[in-house]
Amino acid sequence: MAIKTFLLVIILFAFQISAYAQLRIKLGGTVGGGYIKGNSPDVGSVSTSVFIETNTVLFEEVFPRLEYIFAKDYNAIVPNVTKPYLPWMQGFAFKGVTTQYFDSKYFLEEAVGLLALNDRTFSDTNTWGFGVVISFHGGYDLRGYNLDGFELGIGVEYGLTFTNTLPQYLTFQFFFMYTF
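Each value, and the rule that gives it
- Residues numbered from 1 in each chain as written.
- Predicted model: local features only at pLDDT ≥ 70, side-chain atom pairs only at ≥ 80, totals over all residues.
- Heavy atoms only, no water.
- 1 Å grid on protein atoms, 1.4 Å probe; cavity = no way out; pocket = protein on both sides within 12 Å on 5 of 7 lines; lining within 4 Å.
- Points joined across faces, edges and corners; volume = space filled by probe spheres on them.
- Helix = DSSP H or I, 4+ residues; strand = E, 2+ residues; numbered from the N terminus.
- Nonpolar A, V, L, I, M, F, W, Y, C, P; charged D, E, K, R; others polar.
- Core = buried A, V, L, I, M, F, W, Y, C linked by side-chain atoms within 4.5 Å.
- Buried < 20%, exposed > 50% of the residue type's maximum accessible area, 1.4 Å probe, protein only.
- Contact = heavy atoms within 4.5 Å.
- Salt bridge = Lys/Arg side-chain N within 4 Å of Asp/Glu carboxyl O.

A. Quick peek at the layout of surface pockets. Of the volumes computed, that of the largest pocket is approximately 330 Å³. Of all the secondary structure elements, the ones that give two or more residues to the lining of the largest pocket are strand S2 (43-54) and strand S4 (88-101). By residue class, the composition of the lining of the largest pocket is four nonpolar, five polar and five charged. Those elements that place two or more of their residues in the lining of the second largest pocket are S4 and strand S5 (106-120). Residues belonging to the lining of the second largest pocket are distributed by class as follows: seven nonpolar, two polar and one charged.

Have a look at this one:
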């Protein structure tokens, strides 16, 4: 029930009515490495995420982003590993994102938001934790004067929860974004 309420609140905020003449949508993803942790020591992990962002303003210059996150023990990509169970986590984040451009091409993006994270660090653990997520990305805008196009960069993201098994993750990542 708590996860349904959390997602409903996110959807209501993300799709607010806006007076913009043209709605812009950004789709993107990340891939990287870091660690995951529940009621356990840190486990080295590979991670990926996909997200959607719109230009509807939450606050001045802060835009909503909805993200799905998946992280799994790095042994999942190593050949010939015969472990019976590999720890993993998945979750959803709703962030407010703001961007500062240093010139027409280089930018710094900061985001902070709410996080719902499913802890699967042990085979008998399946709990949801709720908390916060923060991220920083630096990048290069390939769009030029065109509003459609790609943005590429690198960054870091940290998610921390305050309930159940206190799952958390840290990932250093490459990211890409396409604006429609």
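B. Expanded view of the nonpolar core. Counting residues in each nonpolar core, the largest one holds 10 residues, listed as Ile36, Val43, Ile69, Ala71, Met89, Ala93, Leu115, Leu117, Val133 and Tyr169. Other than its neighbours up to four places away in sequence, Leu117 contacts Met89, Gln90, Gly91, Thr127, Trp128, Gly129, Thr161, Pro167, Gln168 and Tyr169.

C. View of the pattern of salt bridges. Under the criterion given, the structure shown has nine salt bridges. A salt bridge links Asp141 to Arg143; the nearest nitrogen and oxygen atoms lie 3.0 Å apart. When sorted by exposure, Asp141 lands in the same class as Arg143, which is buried. Here Arg143 ties to Glu151 by a salt bridge, and the two come within 3.5 Å at their closest N and O atoms. Accessibility assignment for this pair places Arg143 and Glu151 in one class, buried. Taken together, the shared-partner salt bridges connect Lys26, Asp141, Arg143 and Glu151 into one network.

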